[in-house]
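Commentary on secondary and tertiary structure
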Amino acid sequence: MTTAIPEIVTLQGHILSQQARYPEASGTLTWILSALSISAKMIAAQVRRARLNDVLGAVGSDNVQGEQQQKLDVIANEILLRTLGKRHGVAVVASEENEEPVIIRNEREGERKYCVLFDPLDGSSNLDVAGGVGTIFSILREDRRAATPEASLLQPGAQQVAAGYILYGPSTVFTLTIGLGVDMFVLDPAIGAFVRVEEGLRIPAASKSYSVNEGNRLSFPAGYQQYLDWAQRNGYSSRYAGAMVADVHRILLKGGVFLYPPTKKAPAGKLRLMYEANPMAMLVEQAGGQALAAPGQRILDVAPTGIHQRTPVIIGSPDEVAAVVRQLGSSPA
Ligand code: AHM
Ligand code: MG
């Protein structure tokens, strides 16, 4: 009797085999994804030592050795800027942490260039309590016709060539799409490599679970309040990690819906279109889910007007997004 030996595929091997499907590909995107994988390992190592290094809370505190430390989101941002800044093919880098995009000039003749946008450490307040945090990234082709680097970034999410997140939780999980479905990798600390654990991941079509900051309920538009009433009457569970990466990760695997509605304090919602909503929308759609800014408004079709703009988010299993839309549609206002 022969036993089938399971294949071990690393993130690097996976990307190279996907690249091989496009003989005309120059390998530039592969290099960028490899820079993101290195950054993820570096940030994961820092996250694990955050309390020991005293990099929680405000910038300017001393660590246990009496050394000046930077906040971990600043450190994560610098790691990404440093690794991506050295890669050929990266034209512009934009981070939730920087007011202006960073222009990179590593030009090679005739090379196709990309813009990389990221939220270096999403949900960073979870760090103080050893909760899940993550990095979210989005990759666009440089728009050569654009007048300025910022203008080159202002493309709708439907133009993304790749998107993903890294969840720093009990394990470090790298979830990636290059538009050919969604694949998931877990960092094996023993060998220092991300190993594929899910190929062609599909989100469950339905699951009676919603994820929203219910503390804001009274300041949501009436339709969202009506949805929560309906969900509670129908036996739904509430799950909210307070970090979008952790919440969307759970929903990709187990189903449900994640909401960040408009509130009185944040009338356009809190989450950023280009660093959070677009990459998560691409992943969820690639897994068979839906991602809306409002009923009838797909997040990926929103034409951005500024790199830091915000958007409401309704994202998750197709049946659960439809249930939210039904309640929004039947609400008086
Ligand atoms: P951040 O990018 O400043 O960390 O904020 C984004 C985070 C998301 O991860 C999370 O879903 C949301 O903010 C939580 O906000 P709230 O505390 O209002 O529920
Ligand atoms: Mg964020």
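Check the entry above for the structure.
All of these numbers come straight from a predicted model, not from anything done at the bench. (Residues numbered from 1 in each chain as written. Chains lettered and ligands numbered in written order. Predicted model: local features only at pLDDT ≥ 70, side-chain atom pairs only at ≥ 80, totals over all residues. Heavy atoms only, no water.)

**Looking at the packing of helix H7 (residues 244-254) against helix H8 (residues 273-286)**
The N-to-C vectors of H7 and H8 enclose an angle of 10°; their axes lie 11 Å apart at closest approach. It follows from the interaxial angle that H7 and H8 lie roughly parallel. The segment H7 lies against H8, with Met244, Val245, Val248 and Leu252 engaging Glu276, Met280, Leu283 and Val284. Looking at side-chain class alone, the contact of H7 with H8 contains seven nonpolar, no polar and one charged residues. (Axes fitted to C-alpha atoms, helices over the stretch in contact; angles between N-to-C directions. Helix = DSSP H or I, 4+ residues; strand = E, 2+ residues; numbered from the N terminus. Parallel < 35°, antiparallel > 145°, perpendicular 65-115°, else oblique. Contact = heavy atoms within 4.5 Å. Nonpolar A, V, L, I, M, F, W, Y, C, P; charged D, E, K, R; others polar.)

**Concerning the coordination of the magnesium ion (ligand 2)**
Angles between donor atoms at a metal ideally measure 109.5 degrees for a four-coordinate tetrahedral arrangement and either 90 or 180 degrees for a six-coordinate octahedral one. Those protein atoms acting as donors to the magnesium ion (ligand 2) are Asp119 (OD), Asp122 (OD) and Glu276 (OE), and they sit at 1.8 to 2.1 Å. In the primary structure, the donors to the magnesium ion (ligand 2) are separated according to the pattern D-x2-D-x153-E. Note on accessibility: Asp119 and Asp122 belong to one class, buried. (Donors = N, O, S within 2.8 Å, 3.2 Å for Na, K, Ca; no water. Buried < 20%, exposed > 50% of the residue type's maximum accessible area, 1.4 Å probe, protein only.)

**Regarding the side chain of Asp73**
By the secondary structure assignment, Asp73 is in helix H4 (residues 72-85). For Asp73, the residues in contact, after removing those within four places along its chain, are Glu97, Pro120, Leu121 and Ser124.

**Here's the deal with the pairing of strand E14 (residues 313-316)**
Burial along E14 is two-sided: the residues Val313 and Ile315 and Ile314 and Gly316 are all buried. Where strand E11 (residues 257-260) and E14 come together, four bridges link them in antiparallel fashion. Bridging from a neighbouring strand, Leu259 pairs with Ile314 of E14. Strand direction decides the pairing type here: strand E12 (residues 290-294) and E14, joined by three bridges, are antiparallel. Following the sheet pairing, Ala291 is matched in E14 by Ile315. (Pairing = 2+ DSSP bridges.)

**Some details on the sheet that holds E12**
Ordered by their spatial adjacency, six strands build an open sheet running E10-E9-E11-E14-E12-E13, and the pairing between neighbours is mixed. One side of each edge strand has no neighbouring strand; the edge strands of this open sheet are strand E10 (237-238) and strand E13 (297-298). The pairing of E12 with E13 spans two bridges and is classified as antiparallel. Across the sheet, residue Leu292 finds its bridge partner in E13, namely Arg298. Docked against the sheet, helix H6 (residues 222-233) engages strand E9 (209-211), E11 and E14, running at close to 145° with respect to E9.

**Side note on the sheet that holds strand E4 (residues 133-141)**
Within a sheet, each strand pairs with its neighbour through backbone hydrogen bonds, oriented either parallel or antiparallel. Spatially, E2-E1-E3-E4-E5-E6-E7-E8 is the arrangement adopted by the eight strands of the open sheet, whose pairing is mixed. Each edge of the sheet is formed by a strand with only one pairing partner; in this case those strands are strand E2 (102-103) and strand E8 (193-198). In this structure, strand E5 (residues 162-168) lies alongside strand E6 (residues 172-177), joined through six bridges in antiparallel fashion. Directly across from Tyr168, in E6, lies its bridge partner Thr172. Sitting on the sheet, H4 is in contact with strand E1 (90-95), E2, strand E3 (114-122) and E4, with an inclination near 160° to E3. Along the sheet face, H8 touches E1, E3, E4, E5 and E6 and points at about 85° away from the line of E4.

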